[in-house]
Amino acid sequence: MTRLSAATLDSLPAKIERPTYDRNAVRRGVVHLGIGAFHRAHQAVIFEDVLNRGDLRWGITGVSLRSPTVREQMAPQEGLYSVLIRDGHSESVRIIGAVHDVLVAPEQRQDVLAALAHPDTHIVTLTITEKGYKLDPATGALIESDPQMSADLASLATPQTAPGFLVAALAMRRAAGLRPFTAISCDNLPHNGSRLRAAVIALAHRHDAALADWIGAEGAFPETMVDRIVPATTEADIASTREMLGVEDRAMVKTEPFCQWVIEDKFCGERPDFGDSVQLTSAVAPWEEAKLRLLNGAHSGIAYLGGLAGIDHVHEVLAIPAARHFVERLWDEAQATLSPPPELDVAAYRNALMARFDNPTLLHRTRQIAMDGSQKLPQRLLAPIEARLRTGGSIDALALAVAAWIRWQSGRDDLGKSYVVDDPLADVLASRIAGQDYAADRVSRIMDVDAIFPATLRQNDALRETLTGWLDILERRGARGALQRLEAQRLEAGT
Ligand code: CS2
C-alpha cells in the first residue's frame, strides 16, 4: 500500500487539511524529547498552527529516548502523519508536517546533542513520563541508584537520561556563546517546570558548578499544563485513516477535539506567537492541580475499577450508573481541595470532562491509563486525600480509587483473568502483598512504600481503615460491588 509522503500529499482528497507552508523553508526551532503519540497530537499540532500562520522558525526535531519504532513509522513518510479527531459523532483527519526528523537517542546520541545545541533551537519540549525525571518523589533529589542516572552522574560523554542530554547540550551552548533553550516539561506532574529545573541543575552541579549557575541564571523552565486525551493507536485506527486518505499512514495518532496548553510566561529566548492555541499565564499551578485531581484522578479511578471489572474502555465503565456516581463523588471530594484559577468554572469543567470521558468513538483503554500507577497516584489521588484529611470531609471515593489500585497489583481481575502490571515498582508492590493473608496487612505494607506515600499519610490510621474497608469489599464483591456500595452509602446518607 502506498504510504503517506510529500509525493503523495497531492493525491489526498481535497478536503483534507495539510501544511500550507513550504516545508523545505522551515527551520528547526524545537527539539522534543519523548516523541510518542501525545506529542504528535498535542504540542506538534500547536507548532503546526504556528507554521501555517507563516512563522517558519518552529519545525520540530523529535527524539525517541528508547525504541526506534516512531522513527520507523515516520521516516518513510518524511515526518508527515495524520491526526484523526473523533468527537463521538463524526471524525476528521488533518496532516501535520511540523516534525522533520526523528532521532533515536541510544543510536544517535551525538545527533541529539547537535540538535539541542544548534543555534536555531530555542525551545525543548519533553514528554518523558513521570519516571523520566529520575527524582525521588519523597526528597526531590536525583535517584542516584538509578543505573542510567548513575551513568550520567559519572560522565556526560554519552548521556542516558533526559536531564543528562539537557545538561550536556547546555554545556555545549554555553561553550559556543549561545543562550540556553527554554525547556518545557509537558508531563502530568505538579510543578513540572520546577522539577525539570531541579533535575537539570542538580546534575549540572555535579559536573560543573559554574554551568549549574549559568543554567540557573539564564535558563527557563516554565511550568505547564497540557491536556488532550490520546488513546494508543490501533490497527483499526490505521485502517479507518487509510480509508479517508487513500494512502497508508503508520504514524497516525487518534485524539479528541479538545486541546489545551497553559504555559507559564517565562521564556529565555525566542518563542512563537502562539495565538489562541496557548494560554500564557503567570500562575500555572492552579490549572495543573485542577486538571491532575479532576481529570487524571478520575481517569485513574476509572482505569483500576473498570480494569478490575474486566471493562476495556473508559466510556464503557461510565455506562454503569454507579461508576458515574463514583466519578461525581470523587470530583466533589477533590474539588474541595482546589484553589481553581478565577477563569475556571469548575462545574462547567466537570460537565465537559464527563462528556469527554463519554466519547464512544475514542476507545480509550483502561489498561493504558492503569500503567505506571505508582508514579501517578501521588499527585492525582494522594495529594487530595492528604488535603481532605487535613481540612475534614469524606475521602470515600478517593480512597476507593486507591484501594482499587492496590487490588490491581494482584495481576488478576474480578473475572479471574490475569494481566501484566505495567509499573516500574510492580515487583516491589507485588512482593509487599505476597503472602499477606489479611486486607489490613496488605494495605499497611503498601502504605509503607515511601516512594509513593508521603510521611503524613503513612502514619494515618483513618486512611488505613478506609482503604482496608474498600480493599476487603473489592476482594469479596469485585469492583462492581464496591461501586454499588459507594452509591448505596450516598443513598443511606440521604444526599
Ligand atoms: C491519562 C492521561 O494515561 C493517563 O494516565 O490520565 O494520559 C490523560 O489522558 C491526559 O492527561 C489528558 O490530558
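These numbers were taken from a predicted model, which means no experiment stands behind them.

Engineer: Can you break down the overall build of the protein chain residue by residue, with the values?
Structural biologist: Counting secondary structure elements, the protein chain contains 20 helices and eleven strands. In terms of overall dimensions, the protein chain is globule-like: its C-alpha atoms have a radius of gyration of 23 Å, near the 23 Å expected for 495 residues. For the protein chain, the spread of C-alpha atoms along the three principal axes comes to 65 × 55 × 45 Å. Buried positions account for 57% of the 495 residues belonging to the protein chain. For the protein chain, the proportion of contacts with a sequence separation of at least 24, taken over those separated by at least 6, is 77%. Accessible surface, the protein chain: about 19300 Å² in total, of which carbon and sulfur atoms supply 49%. Averaging the coordinates of the 53 positive side-chain charges in the protein chain and doing the same for the 64 negative ones gives two points 2 Å apart.

Engineer: With reference to specific residues and values, describe the domain arrangement of the protein chain.
Structural biologist: Looking at the protein chain, the domain boundaries give domain 1 (6-281) and domain 2 (285-493). Computed over C-alpha atoms only, the centres of domain 1 and domain 2 are separated by 30 Å. Every contact between the two is made by 29 residues of domain 1 and, on the other side, 26 residues of domain 2. Between domain 1 and domain 2 the total buried area reaches about 2200 Å² when both faces are included, carbon and sulfur atoms providing 55% of it. Asp227 is paired through a salt bridge with Arg356; the nearest N and O atoms lie 2.9 Å apart. Where domain 1 touches domain 2, the interface holds 13 residue pairs in polar contact (both at pLDDT 80 or more). Looking at the side of domain 1 that touches domain 2, the elements that each hand over two or more residues are β8 (224-227), β9 (253-255) and β10 (260-264). For the side of domain 1 that touches domain 2, the element with the highest residue contribution is β8, accounting for four residues.

Engineer: I'd like to hear about the pairing of strand β7 (residues 182-185), residue by residue, with values.
Structural biologist: In the case of a regular strand, side chains alternate between the two sheet surfaces. With burial as the criterion, each face of β7 is covered, one bearing Thr182 and Ile184 and the other bearing Ala183 and Ser185. In this structure, strand β6 (residues 123-126) lies alongside β7, joined through four bridges in parallel fashion. In the strand pairing of β7, Val124 is matched with Ala183.

Engineer: Can you break down helix α4 (residues 109-117) residue by residue, with the values?
Structural biologist: Listed in full, the buried residues belonging to α4 are Arg109, Val112, Leu113, Ala115, Leu116 and Ala117. Buried residues along α4 sit against β1 (30-33), β2 (60-64), β5 (99-104), β6 and α6 (162-175).

Engineer: Could you give an account of the sheet that holds β1, with specific residues and numbers?
Structural biologist: Taking strand neighbours across the sheet as the criterion, the five strands line up as β5-β2-β1-β6-β7 in an open arrangement whose pairing is parallel. Among the strands making up the open sheet, the edge pair consists of β5 and β7. Each neighbouring strand pair of the sheet contributes to a mean axis angle of 20 degrees, computed without reference to strand direction. Pairing of β2 with β5, which is carried by five bridges, proceeds in the parallel orientation. Among the inter-strand pairings, Gly62 is bridged to a residue of β5, identified as Val102. The sheet strands contacting α6 are β1, β6 and β7, and the helix crosses β6 at an angle near 170 degrees.

Engineer: Please provide a residue-by-residue account of the pattern of salt bridges, values included.
Structural biologist: Under the counting rule described, the total for this entry stands at 31 salt bridges. As a salt-bridge pair, Arg206 and Glu144 come within 2.7 Å of each other at their nearest N and O atoms. Of this pair, Arg206 sits in helix α7 (residues 192-207) while Glu144 sits in the loop between β6 and α5 (147-154), and the two are 62 residues apart along the sequence. Looking at Glu144, the relative accessible area reads 40%, which means it is partly exposed. Arg350 is the salt-bridge partner of Asp332, the closest N and O atoms lying 3.0 Å from each other.

Engineer: Give me the lowdown on the state of the cysteines, citing residues and values where you can.
Structural biologist: What the rule picks out here adds up to zero disulfides. Take Cys259: it sits in no disulfide, and the sulfur closest to it among the cysteines is that of Cys186, at 11 Å. Judged by relative accessible area, which is 30%, Cys259 ranks as partly exposed.

Engineer: Before we move on, could you go through unusual backbone geometry and cite the residues and values that matter?
Structural biologist: Phi is positive for Lys134, close to 60 degrees, though the residue is something other than glycine. Within the secondary structure layout, Lys134 lies in the loop between β6 and α5. In this structure, His191 is a non-glycine residue whose phi angle is positive, near 50 degrees. Of note, His191 is situated in the loop between β7 and α7. Owing to a relative accessible area of 41%, His191 belongs among the partly exposed residues under this scheme.

Engineer: Give a description of the side chain of Ser64 that names residues and reports values.
Structural biologist: By the secondary structure assignment, Ser64 is in strand β2. Reaching out from Ser64, the side chain makes a polar contact with the backbone oxygen of Ser67 at a distance of 2.6 Å. Non-local contacts of Ser64, meaning those with residues more than four positions away in its chain, are made with Ile35, Leu103, Val104, Ala105 and Pro106.

Engineer: How would you sum up the environment of Ala44? Please name residues and give values.
Structural biologist: Mapping Ala44 onto the fold places it in helix α2 (residues 43-52). As for Ala44 and Pro159, which are separated by 115 residues in sequence, their C-alpha atoms are 25 Å apart. Beyond its immediate stretch of four places on either side in the chain, Ala44 contacts His39, Ile60, Tyr81, Ile96, Ala98 and Val99.

Engineer: Can you explain the pairing of β6? Please cite residues and give values.
Structural biologist: Neither face of β6 is open: one carries Ile123 and Thr125, the other Val124 and Leu126, and all of them are buried. Where β1 meets β6, four bridges bridge the pair, whose relative direction is parallel. Across the sheet, the residue bridging to Leu33 is Leu126, located in β6.

Conventions used here
- Residues numbered from 1 in each chain as written.
- Predicted model: local features only at pLDDT ≥ 70, side-chain atom pairs only at ≥ 80, totals over all residues.
- Heavy atoms only, no water.
- Helix = DSSP H or I, 4+ residues; strand = E, 2+ residues; numbered from the N terminus.
- Rg over C-alpha atoms; globule rule 2.2 N^0.38 Å.
- Buried < 20%, exposed > 50% of the residue type's maximum accessible area, 1.4 Å probe, protein only.
- Contact = heavy atoms within 4.5 Å.
- Areas by Shrake-Rupley, 256 points an atom, 1.4 Å probe, with all protein chains shown as cover.
- Lys, Arg positive; Asp, Glu negative; His and termini not counted.
- Charge placed at Lys NZ, Arg CZ, Asp CG, Glu CD.
- Domains from an automatic or database assignment.
- Buried area = accessible area lost by both parts, 1.4 Å probe.
- Salt bridge = Lys/Arg side-chain N within 4 Å of Asp/Glu carboxyl O.
- Polar contact = N/O pair within 3.5 Å; in protein donor to acceptor, adjacent residues only side chain to side chain.
- Pairing = 2+ DSSP bridges.
- Axes fitted to C-alpha atoms, helices over the stretch in contact; angles between N-to-C directions.
- Disulfide = S-S within 2.5 Å.

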